[in-house]
Amino acid sequence: NSFKGQVPRFDKNVSLTAIDIQSNSFQSPLSTLSANTELVEFNSTGNNNIEGRIPELNFCTKLVKFNIQSNDHTGPIHNFHNTPLLEEYMAFDNSLSGNLPAISAAPNLTKLDLNGNEFVGNIPYLNDNVKLTLLNLQNNGLSGSFPLVTSLSALEFLRFQNNSKSSSPTIIGDVPIVSGCPLLN
């Protein structure tokens, strides 16, 4: 479609299980989604230019897929402790920033793509995320040593290049040992 203008408010429709507004021309910030306790999937990809912070997901405990790729979101991403069923978190090509939250708090996570943002700091512990198949952290400002990935036997794609933004350190140390990742491409 070619809907444009403000993103509709979804906080009054508390029984929605899926919200898909992809491939439109929305530009305004997203309203809160915390009231949507039944929300399983949220998708705002495509031609949208949704700006502002990502809404709080504190009460979206049934959320499985969250896709906000290729928008103009800013600020930090939410704490994964509040979304224990989360399997896919796709937030690449935004202007998200801050430190990455504890990824191990989302034990069902299979895909995490944060490519092309402004994240800084160390990459959190990953070895508990045994269902992870895709991890893309490239084109950020992450630094420090890369954490262990030896238990990630489902991992197929691992990308972390180009984390040397001009004002931040880069990832240092040894290349991660991937012998426990037989599916890695």
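Residues numbered from 1 in each chain as written. Predicted model: local features only at pLDDT ≥ 70, side-chain atom pairs only at ≥ 80, totals over all residues. Heavy atoms only, no water.

## Thoughts on the overall build of the chain
Working step 1: When helices and strands are counted, the chain shows zero helices and 15 strands.
Working step 2: Projected onto its principal axes, the C-alpha positions of the chain cover 50 × 35 × 25 Å.
Working step 3: Burial status across the chain gives 46% buried among its 185 residues.
Working step 4: Considering only contacts within the chain whose residues lie at least 6 apart along the sequence, 32% involve residues at least 24 apart.
Working step 5: With an accessible surface of roughly 8,800 Å², the chain has 50% of that area assigned to carbon and sulfur atoms.
Working step 6: Charge separation in the chain, taken as the distance between the mean sites of 10 positive and 15 negative side-chain charges, equals 5 Å. (Helix = DSSP H or I, 4+ residues; strand = E, 2+ residues; numbered from the N terminus. Buried < 20%, exposed > 50% of the residue type's maximum accessible area, 1.4 Å probe, protein only. Contact = heavy atoms within 4.5 Å. Areas by Shrake-Rupley, 256 points an atom, 1.4 Å probe, with all protein chains shown as cover. Lys, Arg positive; Asp, Glu negative; His and termini not counted. Charge placed at Lys NZ, Arg CZ, Asp CG, Glu CD.)

## With respect to the pairing of strand β11 (residues 118–122)
Working step 1: Two strands pair when backbone bridges link them, and strand β9 (residues 95–98) and β11 are joined in this way by two bridges, in the parallel orientation. The residue bridging G98 from the neighbouring strand is F119, located in β11.
Working step 2: Two strands pair when backbone bridges link them, and β11 and strand β13 (residues 141–145) are joined in this way by three bridges, in the parallel orientation. Each residue of the ladder has a partner; that of V120, found in β13, is G141. (Pairing = 2+ DSSP bridges.)

## Re the confidence of the model for the chain
Working step 1: Considering every residue of the chain, the mean pLDDT works out to 90; 98% of them sit at 70 or more.
Working step 2: Of all the helices and strands in the chain, strand β15 (residues 171–172) carries the lowest mean pLDDT, 86, while strand β10 (residues 111–113) carries the highest, 98. (pLDDT = per-residue confidence, 0-100.)

## Quick look at the sheet that holds β13
Working step 1: Pairing in this open sheet of six strands is parallel, and the strands run β5-β7-β9-β11-β13-β15 from one edge to the other. The open sheet has two free edges, formed respectively by β5 (51–53) and β15, since each of these has just one partner strand.

## Some remarks on unusual backbone geometry
Working step 1: In this model, S23 sits at a positive phi of 55°, which is unusual for a non-glycine residue.
Working step 2: Locating S23 in the fold gives a position in the loop between β2 (18–20) and β3 (25–26).
Working step 3: On the basis of relative accessible area, S23 is assigned to the partly exposed category, the value being 35%.
Working step 4: The backbone phi angle of N139 is positive, close to 60°, even though this residue is not glycine.
Working step 5: If you trace the backbone, N139 turns up in the loop between β12 (134–136) and β13.
Working step 6: Its relative accessible area of 24% is what places N139 among the partly exposed residues.

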